[in-house]
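Here is what each chain is made of, one letter per residue.
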Number of protein chains: 2
Amino acid sequence: MIPPSFHLCLPTWLADMLPPPERIFATPESRMSLVIEMARCNILRGSGGPFGAAVFDLDSGQLIAPGVNLVTSVNCSVAHAEMVALMLAQKRVNNFSFAAAGLNAELTTSTVPCAMCLGAIPWAGLKQLACGARESDARAVGFDEGDKPPRWPQLLEKRGVRVLRDICRKKAVAVLQEYRRLGGEIYNGKG
Amino acid sequence: MIPPSFHLCLPTWLADMLPPPERIFATPESRMSLVIEMARCNILRGSGGPFGAAVFDLDSGQLIAPGVNLVTSVNCSVAHAEMVALMLAQKRVNNFSFAAAGLNAELTTSTVPCAMCLGAIPWAGLKQLACGARESDARAVGFDEGDKPPRWPQLLEKRGVRVLRDICRKKAVAVLQEYRRLGGEIYNGKG
């Protein structure tokens, strides 16, 4: 039977590790450290791939919503960390565009977004994208990042989305490498 | 408070218009006609943009799951018709890859996928993509399709996904034009 709905749940361990709501993340490094720690916990808990992401309000410095990769545990190829964070954050602000909700929003992601997540960014009304590990770092452990347009950072900037790269890259890469060491599944469109 | 989960529901009218489960869609045109009709009902019912999609099993000819654009009604920029269909179909087959589930799956979409939905295709283990209206048809009514890599159909073919285009294009374009006539919202990342 065709399922009439789709339910995406954050793992319970993630709620337990979240900071108190009043915590202020003033720097790109502080925001990135949180998503890298989420990515690390995600592989240790076995809930998905080595990727974490979150949406932050740059004006207040507060976390709007977190996300981790849930592809294997939820059986959903769309459930990349960035997409999970966007869907939950939009539910929280009750708007499909952070800009329309009056927010100066950053998507922070532990690894540069794949082609799907990159394509999702302009539709969400984000003002900034902050990335940890590079595409080449993801490829080095076996992940496919998809076919992106050449010079995608410039294309995002043209659309009014600032792009920060290599934020805490070393720590972000360490999680990718730990995933490989643990024998984690490389799941892109397998079969 | 951070929402612990995200729930995506098909509109109730959609369940009512679905064919009986044993119905066989043997041709690209028969599959496309269903998703175009879904797109048409979606705008008349006010549940979202003028886009419909579905995942079909090409071996049996049966519908696995439908999707319509729910961006404005669900407040989720990710809820494009293609993404909704992929998430529901993967839930139904209990696998994040149709190929891994042993299925010869087609994503049928009333308009060529935007950059996000295009990026999602390789991760889903699809074997075929069938498109109705062209990118230029979507742009002509005001929709932004995002930044895609040049020659994306060839890139998909290289990944083992056949691409069919211009299936029932005229009927698909008529729905896009009807949306504009009705004053439908152009919602891409607005703000």
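Right above here is the structure, for reference.
Residues numbered from 1 in each chain as written. Chains lettered and ligands numbered in written order. Predicted model: local features only at pLDDT ≥ 70, side-chain atom pairs only at ≥ 80, totals over all residues. Heavy atoms only, no water.

Engineer: Please clarify how the interface of chain A and chain B should be interpreted in this entry.
Structural biologist: The accessible area lost on association of the parts is a frequent measure of interface size. Across the contact, 58 residues belong to chain A and 58 residues belong to chain B. Here chain A meets chain B over a buried area of about 4,900 Å², counting both sides, of which 64% is carbon and sulfur. Interface area lost by chain A to chain B is led by A:Phe6, A:Phe96 and A:Trp123, which between them contribute 18%. Scanning the region where chain A abuts chain B turns up four salt bridges. Residue B:Arg159 pairs with A:Asp144 through a salt bridge whose shortest N-O separation is 2.7 Å. Our count for the chain A to chain B interface comes out at 19 residue pairs in polar contact (both at pLDDT 80 or more). Only strand 1 (5-9), strand 3 (62-68), helix 3 (71-74), helix 4 (81-93) and helix 5 (115-120) of chain A provide two or more residues apiece to the side of chain A that touches chain B. Per element, the largest residue contribution to the side of chain A that touches chain B is six residues, and it comes from helix 4 of chain A. Across the side of chain A that touches chain B, the residue classes tally to 33 nonpolar, 16 polar and nine charged. (Contact = heavy atoms within 4.5 Å. Buried area = accessible area lost by both parts, 1.4 Å probe. Salt bridge = Lys/Arg side-chain N within 4 Å of Asp/Glu carboxyl O. Polar contact = N/O pair within 3.5 Å; in protein donor to acceptor, adjacent residues only side chain to side chain. Helix = DSSP H or I, 4+ residues; strand = E, 2+ residues; numbered from the N terminus. Nonpolar A, V, L, I, M, F, W, Y, C, P; charged D, E, K, R; others polar.)

Engineer: Hey, could you run me through helix 4 (residues 81-93) of chain B in this one?
Structural biologist: One turn of the α-helix equals 3.6 residues, which is why residues spaced by three or four share an orientation. Residue and element names in this part refer to chain B. Here helix 4 contains 13 residues, and its C-alpha end-to-end distance of 18 Å stays within 8% of the 18 Å for a straight helix at 1.5 Å per residue. Within helix 4, 10 of the 13 residues are buried, which leaves it mostly tucked inside the rest of the structure. Listed in full, the buried residues belonging to helix 4 are Ala81, Glu82, Met83, Val84, Ala85, Leu86, Met87, Leu88, Ala89 and Gln90. Of the residues trailing helix 4, Asn94 is marked for its positive phi of about 60°. (Expected span 1.5 Å × (residues − 1). Buried < 20%, exposed > 50% of the residue type's maximum accessible area, 1.4 Å probe, protein only.)

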